[in-house]
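Reading the structure
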Amino acid sequence: MLPIILLILLGYYLRRRGIYNESFLEYGNRFVFQVALPALLFYNVYSIEKLQAISWSVVVYGCGMTVVVFLIGILFVCLHTKDCRKRGVLLQCIFRSNFAIIGIPLAESIGGSGGMKVAAVLSAFSIPIYNMLAVIALSMFQTEGLDKREAIRQVGSKIYKNPLIRGVFLGLICLGIRNLLPKDESTGKCIITLQDNLPFVYQAVKSVGAIASPFALIVLGGNFHFEAVRGLAKDIAFGTLWRVAIVPAVALSVAIVLSAWSDVFHFTYVEYPALIALFGSPVAVASAIMAKEMNGDDELARQLVMWTSICSMFTIFITIVILKGIAVL
């Protein structure tokens, strides 16, 4: 987590030095949301090697538990605050981890290449769900006073227009087409791919996606205000506790119980690193970008990215120690 925190602090330092201004941050925020992150998500999804290698038990559990956490989160954020702009941001913090940017490397560092492959496949399914639920979370509390049909129409329109969702689904479409095309009998790989047939397009998308994470963190740091912590301390504590402690504790405990007693959901040392990354990572950097674009409390969203990143350094370490102690890792 330290590289994430250092990039946020770099962005904060550069703004204090006057190297860029508020206008740069506004347009930088828009660039990350509409261009860089969609390119990164497209690349991550398209990079999955084979759909046939999917471990459906971990996909079903990861996505299903995410929806369960989302539904439980609605109740608790409504009990916590009456501010609709905060509710959406806090709900997003509860269910949405930074799986797209740090989840896969984290799973690889814990479980090696096997853990990385499971996480890469899981990302193809979890990231679309994250983004659709994020749009719903940031929209549902802003539709009060509208009739149900109009509220559903507005939420559906925002899901359809969301650049992150479009990036993921475009990646899924291209991945599906690639898997339907003829294969080379000697290697088993598709004879037509972006890497081989349109390498300049593939490399351009990869390069744009590569700058998404560091640039998003620098822009986030430029918008960060330490003086806002005092006024938001209660909300920061609530969101951080849920993101790095309650959600991973519940989700991983249920996974361990199901794995021990169920024949359907049986997880090994290869799947657990992906589940740790999915449920134990800090809140997604994109959550702050989306909050600003969708009229949520973007200051609170930025604070949550910072503080969940700091706290997750300790909670992820503790989680790994516990799981190793009970011999599931």
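For the structure, see preceding data.
Now for a look at the structure at hand. (Residues numbered from 1 in each chain as written. Predicted model: local features only at pLDDT ≥ 70, side-chain atom pairs only at ≥ 80, totals over all residues. Heavy atoms only, no water.)

**Observations regarding the state of the cysteines**
- Within the structure shown, the criterion is met by 0 disulfides.
- With no disulfide of its own, C63 lies closest to C93 among cysteine sulfurs, the gap being 19 Å.
- Sulfur of C311: no disulfide; nearest cysteine sulfur belongs to C93 and is 10 Å away.
- According to the relative accessible area criterion, C311 is partly exposed, its value standing at 28%. (Disulfide = S-S within 2.5 Å. Buried < 20%, exposed > 50% of the residue type's maximum accessible area, 1.4 Å probe, protein only.)

**What about the packing of helix α11 (residues 229-261) against helix α14 (residues 298-325)?**
- α14 packs onto α11 with a crossing angle of 35 degrees between their chain directions and a minimal axis gap of 9 Å. For the element pair α11 and α14, the recorded crossing hand is right-handed. Here V229, L232, D235, I236, G239, T240, R243, V244, L252 and I256 of α11 come into contact with α14, specifically with E299, L300, Q303, L304, W307, T308, C311, S312, T315, T319 and L323.
- Each residue belonging to the contact of α11 with α14 can be placed in one class, and the counts come to 11 nonpolar, 7 polar and 3 charged. (Axes fitted to C-alpha atoms, helices over the stretch in contact; angles between N-to-C directions. Helix = DSSP H or I, 4+ residues; strand = E, 2+ residues; numbered from the N terminus. Left-handed = near helix turned anticlockwise from the far one by under 90°. Contact = heavy atoms within 4.5 Å. Nonpolar A, V, L, I, M, F, W, Y, C, P; charged D, E, K, R; others polar.)

**With respect to the environment of F33**
- When you line up the elements, F33 lands in helix α2 (residues 22-46).
- For F33 and I289, which are 256 residues apart along the polypeptide, the C-alpha to C-alpha distance reads 6.3 Å.
- Once residues lying within four places of it in the same chain are set aside, the contact partners of F33 are P38, N162, P163, L164, I289, M290 and E293.

**Concerning the pattern of salt bridges**
- Overall, the coordinates contain 4 salt bridges when judged by the stated rule.
- Here D298 ties to R302 by a salt bridge, and the two come within 2.8 Å at their closest N and O atoms. With D298 and R302 both in helix α14, this residue pair falls 4 residues apart, about one helical turn.
- Taking relative accessible area as the criterion, D298 reaches 17% and is therefore assigned buried.
- R302 sits in the buried class, given a relative accessible area of 7%.
- Overlapping salt bridges bring together D298, E299 and R302 as one network. (Salt bridge = Lys/Arg side-chain N within 4 Å of Asp/Glu carboxyl O.)

**Overview of empty space enclosed by the protein**
- Counted under the stated rule, the structure contains 3 cavities of 30 Å³ or more.
- When contributions to the lining of the largest cavity are tallied by element, the ones reaching two or more residues are α2, α5 (99-140) and α13 (285-293).
- Among the elements that line the lining of the largest cavity, the one with the most residues is α5, at 6 residues.
- Of the residues assigned to the lining of the largest cavity, the class counts are 11 nonpolar, 3 polar and 1 charged.
- The space that makes up the second largest cavity amounts to roughly 50 Å³.
- Lining the second largest cavity are N29, V219, L220, N223, A288, I289, K292 and R302.
- Elements with a contribution of two residues or more to the lining of the second largest cavity: α10 (212-222) and α13.
- For the lining of the second largest cavity, the element with the highest residue contribution is α13, accounting for 3 residues.
- For the lining of the second largest cavity, the residue count by class is 4 nonpolar, 2 polar and 2 charged. (1 Å grid on protein atoms, 1.4 Å probe; cavity = no way out; pocket = protein on both sides within 12 Å on 5 of 7 lines; lining within 4 Å. Points joined across faces, edges and corners; volume = space filled by probe spheres on them.)

**Thoughts on the packing of aromatic side chains**
- A full pass over the atoms with the stated rule returns 17 aromatic pairs.
- Between W56 and F125, the aromatic rings sit 5.4 Å apart at their centres with planes inclined by 70 degrees, giving edge-to-face as the arrangement. Linking W56 in helix α3 (residues 56-80) with F125 in helix α5, this pair joins segments that are 69 residues apart in sequence.
- Summarising the aromatic geometry, the rings of F70 and F95 are spaced 5.3 Å apart at their centres and angled 85 degrees between planes, so their arrangement reads as edge-to-face. One end of the pair, F70, is in helix α3; the other, F95, is in helix α4 (residues 84-95), and 25 residues separate them in sequence.
- Members of the aromatic cluster, joined through ring pairs, are Y61, F265, F267, Y272 and F279.
- A cation over a ring is seen here: R178 above Y46, with NZ or CZ 4.8 Å from the ring centre. (Phe/Tyr/Trp six-rings, centres within 6.5 Å; stacked < 30°, edge-to-face > 60°. Lys NZ or Arg CZ within 6 Å of the ring centre and 35° of its normal.)

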